[in-house]
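What follows is the residue order along each chain.
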Amino acid sequence: ATRDALHGRPTQLPGAAALLAPVFALRDGQISRAEARLRLLELSAIALPGRLPALIAFHADPDGVVPTTHLVRLREQGNGTVDDPRRFEIVPEGVHDLLLDNVSVRGLLASFLGAEL
């Protein structure tokens, strides 16, 4: 979808415009690679339109990139449906870049993916 959009072919993916804005800005030389990365990290599913699919979200608390309130707002939308379940975990004292090193996070992720795949 990103490749199509970069070549001028429209995409119908929900939230594509929000996700692609930093990519286009990087391509057009308006921002640096580091700024594009930060803008992409700051995006949250809560800001994307449309219905969320099956979702598991982990959040390191405190996280200086994406506020905990984003995950809380997503969680308040409910646990999804049988077809599109949602699981939200806030990891106290977690570190954004090291969440996958957390044994508890790995177990929850494996369990979720095992049920969904």
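Provided above is the structure to which this section pertains.
Below, the structure is looked at part by part. Bear in mind that the values here come from a model prediction, so they are computed numbers and not experimental data. Numbering of residues starts from 1 in each chain and follows the order in which that chain's sequence is written. Predicted model: local features are reported for residues with pLDDT of at least 70 only, side-chain atom pairs are reported and counted for 80 or more only, and whole-chain, interface and lining totals are derived from all residues. The side-chain figures draw on all heavy atoms in the structure; neither hydrogens nor water molecules are used.

What follows covers the packing of helix H2 (residues 16-27) against helix H3 (residues 33-42). At a minimum axis separation of 9 Å, H2 and H3 run at an interaxial angle of 175°. For the element pair H2 / H3, the angle class is roughly antiparallel. Across from Leu-19, Pro-22, Ala-25 and Leu-26 in H2, the residues of H3 making contact are Arg-33, Ala-36, Arg-39 and Leu-40. Residue polarity is assigned by list, with Asp, Glu, Lys and Arg as charged and Ala, Val, Leu, Ile, Met, Phe, Trp, Tyr, Cys and Pro as nonpolar; anything else, Gly included, falls into the polar class. A class-by-class count of the residues in the contact of H2 with H3 yields six nonpolar, no polar and two charged. Lines fitted to C-alpha atoms define the axes here, with helix axes fitted over just the stretch in contact, and angles between the N-to-C directions of these axes take values from 0 to 180 degrees. Helical segments are the DSSP runs of H or I of at least four residues, strand segments are the runs of E of at least two, and each set is numbered from the N terminus. Note that the term roughly parallel is reserved for angles under 35 degrees, roughly antiparallel for angles over 145, roughly perpendicular for angles of 65 to 115, and oblique for everything else. A contact between two residues is defined here by any heavy atoms of the two lying within 4.5 Å.

So, on to the nonpolar core. Nonpolar cores were defined as sets of buried Ala, Val, Leu, Ile, Met, Phe, Trp, Tyr and Cys residues, with membership established by side-chain atoms within 4.5 Å. The classification of residues rests on relative accessible area computed with a 1.4 Å probe and restricted to protein chains. Under 20% of the type maximum is buried, over 50% is exposed, and intermediate values are partly exposed. Listed in full, the five residues of the largest apolar core are Leu-55, Ala-57, Leu-71, Leu-74 and Phe-88. When residues of this core are traced back to their parent elements, those giving at least two are strand E1 (55-61) and helix H4 (68-76).

With that settled, consider the pattern of salt bridges. Any Lys or Arg side-chain nitrogen found within 4 Å of a carboxyl oxygen on Asp or Glu counts as a salt bridge. Under the definition given, this model contains three salt bridges. Arg-27 is the partner of Asp-28 in a salt bridge, and the nearest nitrogen-oxygen pair spans 2.9 Å. You can call Asp-28 partly exposed: its relative accessible area is 43%. Residue classification places Arg-27 among the partly exposed positions, given a relative accessible area of 47%. Arg-106 is the partner of Asp-101 in a salt bridge, and the nearest nitrogen-oxygen pair spans 3.9 Å.

When we look at burial in H4, the residues that qualify are Thr-68, His-70, Leu-71 and Leu-74. The arc that holds the buried residues of H4, viewed along the axis, is 160°, so those residues lie on one side. Structurally, H4 contributes buried residues whose contacts are with H3, E1 and strand E2 (86-92). Think of the arc as the fan of directions from the helix axis to the C-beta atoms.

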